[in-house]
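Chain residues, written in single-letter form:
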Amino acid sequence: VFGPVKAQNTSDSTDITQEQRMEWWQDARFGMFIHWGVYSKAGGEWKGETNHAEWLQFTAKIPLQEYKEYAKTFDPVKFDAKEWVSIAKNAGMKYIVVTSKHHDGFAMYNSQVNDHNIIKGSSFHRDPLKELAEECKKQGLRFCVYYSLGRDWEDPDCPTGYAGNIAWRSNLIDYPIEKDKKLQRYLDRKAIPQIKELLTNYGDIGVMWFDTYELVSKQQGQKIVDIIRELQPKCIINSRVGPCLGDYTVNEQEVPEGISIKPWESCMTMNNHWGYNKADDNWRTGEELVHHLIDIASKGGNFLLNVGPTGEGVIPTESVERLKVVGDWIKVNGEAIYGTTFSPFEKFVWGRCTQKKENGNTILYFSVFNWPENGELIVPEVHNKVMKSSLLASGKQIKTHSLDNGLVIKLPNSAPDQLATVVKVVVEGVIDDPSSK
Ligand code: H79
C-alpha cells in the first residue's frame, strides 16, 4: 500500500501523506482498548472502598513507595497473548491499543528507562507487550499502544493531579517557567526515551495513543510528533499528543451527534470503568454495542471498545460474552462496516446508513434498529436508479420503488436479525452528502 518512505524530522515533509497513513485505520473501523496494569490486581477494591480502577494510586491516595511494594506482588500468571488477540479478532476488531504506561507511571513492558516496570518492579518478569505485538502480527491485527503523556505519578517532575484541579495550559496566560522546565525534564528523562523504546523494540506500531497532555505545550507535543515520524513514519498519532496536533481526534465515553469527515474515534467502556473493577456489573448489552458500532461507522468514526483484564491476566467473561455477540453480528454483516464511509443522510429514526463507492455506483447499507410496523423504509430525497436491493445476511432480494419524495424499501414482516438487519441497496451514481445540502 505504501511506497518507499523517507524519514525526515518534521511531520509535514515525510513522503507519506496523512491520508495514506490513515488508510488501514479508516477501513478497520473497530478496535480493542485494553486497560491493564498493577491497579488491575486490586479489582477496584482498596481498604473497603470498591469504586477504584486504573486511577487506584490517586483515588485511594496510596504513597508511591507503597504502590511500588504492591507492584512487586503483581503476577498475572494467566496472561495469554494468543487468547487476548483471538478474542479481539473473533469480535471483528482490527487493532488493539494496550496501556504501555498509565498515569501510575508503571511501564507494562521491558523498559530500560527506570525500574518502575513489569520486568524489574513486579513478580511477572515477562514482557506482555512483546508477546502481544508478536501475537498481533501472527493473527493479522495492528498492534498499538496507549501512553499517558502528561500525567505520571512516579516521576517527581511530572505535574500530578487530574482534570478537576489542573488547568489546561491553553487557558493559562502565564504558565510558570519553573513548572515548564520540570515538565520538560520529565519529558526528556522519561516520556521521550520510553516512546523511543516502544517505537524501536516492538515492530510496527499502528497507533501511538496518547492520553492527557493538559500541560504539554504545542512545541513539546510537536517534538514528540517529529520523533515518531522519524522512527516510524507510518505510525498514526491520536490528538492527545498536544494542542491541535495528531492525525485524528478522540471522544471519550461519548459518540458525537453528527457526521464528521475528518478522522475520529470514540473510545468506550463496556461497564463504568476502564481498569478491572470486580464490583461493577453495570454492563452495556451486546445489542447496545452493535448499535454503537453501526452508529459510529455511519458518522465516519472508529469504535475503540475497552476491556479491563484482571490482575491474573484474564479478560472478564462478561466482556468476552458481549464481544462474541458483536463478533457474530459482524461476521455476517461486516461488509456494512469495514471500508465504508459516513452516511450521505442525516440519521434515521429506524436506523443508520453507511456507504461504499463502486464502479460509478454507490452501495448503501441500511442497518435497521427499529423494524417499521408497515414493513416500509422511506429514504427521503433519493432519486437515483436502483440497480439491486437485498438483505445482506441472506442475499434475499427485496423490492423498492420510487416516490416523489424518495425511495421506498419493502421489508419482510419481521426483522430477521434482532440486533440490526442490514439492507444493501446499490444505486446508480452518487448521493450528495448532507454537508453539501
Ligand atoms: O485511560 C482512561 C482514563 O483513565 C483516562 N482516559 C481514559 C482513556 C482519563 N484521564 N483523565 N480522565 C480520564 C478524566 C478524569 C476523570 C476523573 Fe476521576 C474524574 C478524575 C477524577 C474524577 C475517574 C473517576 C478517575 C477517578 C474518578
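Residues numbered from 1 in each chain as written. Predicted model: local features only at pLDDT ≥ 70, side-chain atom pairs only at ≥ 80, totals over all residues.

**Remarks on the confidence of the model for the protein**
In low-pLDDT regions, the fine details of the predicted coordinates are not to be read closely. Overall, the prediction assigns the protein a mean pLDDT of 93, with 94% of residues at 70 or greater. Predicted confidence is poor over residues 1-11, with pLDDT under 50, and the contacts of this stretch with residues over four places away or in other chains come to 22 contacts. Reported confidences for the modelled complex are a pTM of 0.94 and an ipTM of 0.97. (pLDDT = per-residue confidence, 0-100. Contact = placed C-beta atoms within 7 Å.)

**Regarding the environment of Trp24**
Within the secondary structure layout, Trp24 lies in helix α1 (residues 18-28). Trp24 gets classed as partly exposed once you count the C-beta atoms within 10 Å, which come to 16. Counting along the chain gives 255 residues from Trp24 to Ala279, while the straight-line C-alpha distance between them is 37 Å. (Helix = DSSP H or I, 4+ residues; strand = E, 2+ residues; numbered from the N terminus. Buried ≥ 20, exposed ≤ 12 C-beta atoms within 10 Å, placed from the backbone.)

**Some points on the nonpolar core**
Within the largest apolar cluster, 104 residues are counted, with the highest numbers of intra-cluster contacts made by Ile96, Val97, Leu132, Val145 and Leu293. Counting contributing residues per domain, this core is built from domain 1 (18-336) and domain 2 (351-436), each supplying no fewer than three. Apart from the residues within four sequence positions on either side, Val97 is in contact with Gly31, Phe33, Ile34, Cys144, Val145, Tyr146, Val207, Trp209 and Leu304. (Core = buried A, V, L, I, M, F, W, Y, C linked by C-beta atoms within 7 Å. Domains from an automatic or database assignment.)

**Here's the deal with the sheet that holds strand β6 (residues 249-252)**
Here eight strands make up an open sheet; going across it, the order is β5-β4-β3-β2-β1-β8-β7-β6 and the pairing parallel. Because the sheet does not close on itself, it has two edges, and the strands there are β5 (236-237) and β6. Where strand β2 (residues 95-101) lies against strand β3 (residues 142-148), six bridges are found, and the strand directions are parallel. Bridge assignment links Ile96 to a residue of β3, and that residue is Phe143. (Pairing = 2+ DSSP bridges.)

**With respect to the UniProt feature "domain: Alpha-L-fucosidase C-terminal" (unreviewed entry) in the protein**
Per the UniProt annotation, the sites labelled "domain: Alpha-L-fucosidase C-terminal" (unreviewed entry) are residues 354-420. The straight-line gap between the two end C-alpha atoms of residues 354-420 is 13 Å; of that span, 0% is helix and 49% is strand. (UniProt positions renumbered as here; feature names shortened; annotations may be inferred.)

**Regarding the sheet that holds strand β11 (residues 376-380)**
Pairing within the open sheet is antiparallel, and its three strands lie in the order β11-β14-β13. Each edge of the open sheet is held by one strand with a lone partner, namely β11 and β13 (400-403). Along the sheet, successive strands turn relative to each other by an average axial angle of 25°, direction set aside. (Axes fitted to C-alpha atoms, helices over the stretch in contact; angles between N-to-C directions.)

**Thoughts on unusual backbone geometry**
Despite not being glycine, Cys244 shows a phi value in the positive range, around 55°. Given 9 C-beta atoms within a 10 Å radius, Cys244 is considered exposed. Its identity is not glycine, yet Glu381 carries a phi of approximately 70°, on the positive side. Here Glu381 shows up in the loop between β11 and β12 (386-391). According to the C-beta neighbour criterion, Glu381 is partly exposed, with 13 such atoms within 10 Å.

**With respect to the domain arrangement of the protein**
Interfaces are often described in size by the accessible area the parts lose on coming together. Splitting the protein by domain gives domain 1 (18-336) and domain 2 (351-436). Between domain 1 and domain 2, the contact holds 13 residues from the first and 12 residues from the second. Elements with a contribution of two residues or more to the side of domain 1 that touches domain 2: α8 (286-298) and α9 (317-333). In terms of residue count, the dominant contributor to the side of domain 1 that touches domain 2 is α8 (seven residues). Across the side of domain 1 that touches domain 2, the residue classes break down as seven nonpolar, three polar and three charged. (Nonpolar A, V, L, I, M, F, W, Y, C, P; charged D, E, K, R; others polar.)

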